[in-house]
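# Report on the structure
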Amino acid sequence: MTQEHYEEYKKNIALRDEHKIKAKKKRESASKLPVIGSLEEWLAARHDKKAEMHEEMAFESANKHANALKKKYKV
């Protein structure tokens, strides 16, 4: 049970990092045209939001992992 929480944590952290990289690339390659530039900024903001969501899920998994270890070792 504790291993599952840890694997979920690692998966969510990897997804968070992936979305942060995508957002950074979108911002760096943003077009100078106003319409296209604003759409690319919107996409970058969307990737940032997904990164935050995955980070929250990762910390939730870490808390579950810690609680499972406490229960397992009766700490």
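Structure: see above.
Computed from a prediction, not measured in an experiment: that's the story for all the values here.

What counts and what doesn't
Residues numbered from 1 in each chain as written. Predicted model: local features only at pLDDT ≥ 70, side-chain atom pairs only at ≥ 80, totals over all residues. Heavy atoms only, no water. Helix = DSSP H or I, 4+ residues; strand = E, 2+ residues; numbered from the N terminus. Contact = heavy atoms within 4.5 Å. Phe/Tyr/Trp six-rings, centres within 6.5 Å; stacked < 30°, edge-to-face > 60°. Buried < 20%, exposed > 50% of the residue type's maximum accessible area, 1.4 Å probe, protein only. Axes fitted to C-alpha atoms, helices over the stretch in contact; angles between N-to-C directions. Parallel < 35°, antiparallel > 145°, perpendicular 65-115°, else oblique. Left-handed = near helix turned anticlockwise from the far one by under 90°. Nonpolar A, V, L, I, M, F, W, Y, C, P; charged D, E, K, R; others polar.

Here His47 is to be found in helix H2 (residues 34-73). When near neighbours in sequence (up to four residues on either side) are disregarded, His47 contacts His19, Lys22 and Ala23.

With that out of the way, let us pick up the packing of aromatic side chains. Counting across every chain of the model gives 1 aromatic pair. Arranged with centres 6.5 Å apart and planes meeting at 25 degrees, the rings of Tyr6 and Tyr9 form a pair that is stacked. Here Tyr6 pairs with Tyr9, and both are found in helix H1 (residues 2-28), just 3 residues apart, close to one helical turn. Take Tyr6: its relative accessible area is 36%, and that puts it in the partly exposed class. For Tyr9, a relative accessible area of 27% corresponds to the partly exposed category.

Let's shift gears to the packing of H1 against H2. One can describe the packing of H1 onto H2 by two numbers: an axis separation of 8 Å at closest approach and a directional angle of 165 degrees. When the axes of H1 and H2 are compared, the pair comes out roughly antiparallel. Handedness of the crossing formed by H1 with H2: left-handed. Broken down by class, the residue content of the contact of H1 with H2 amounts to 14 nonpolar, 8 polar and 12 charged.

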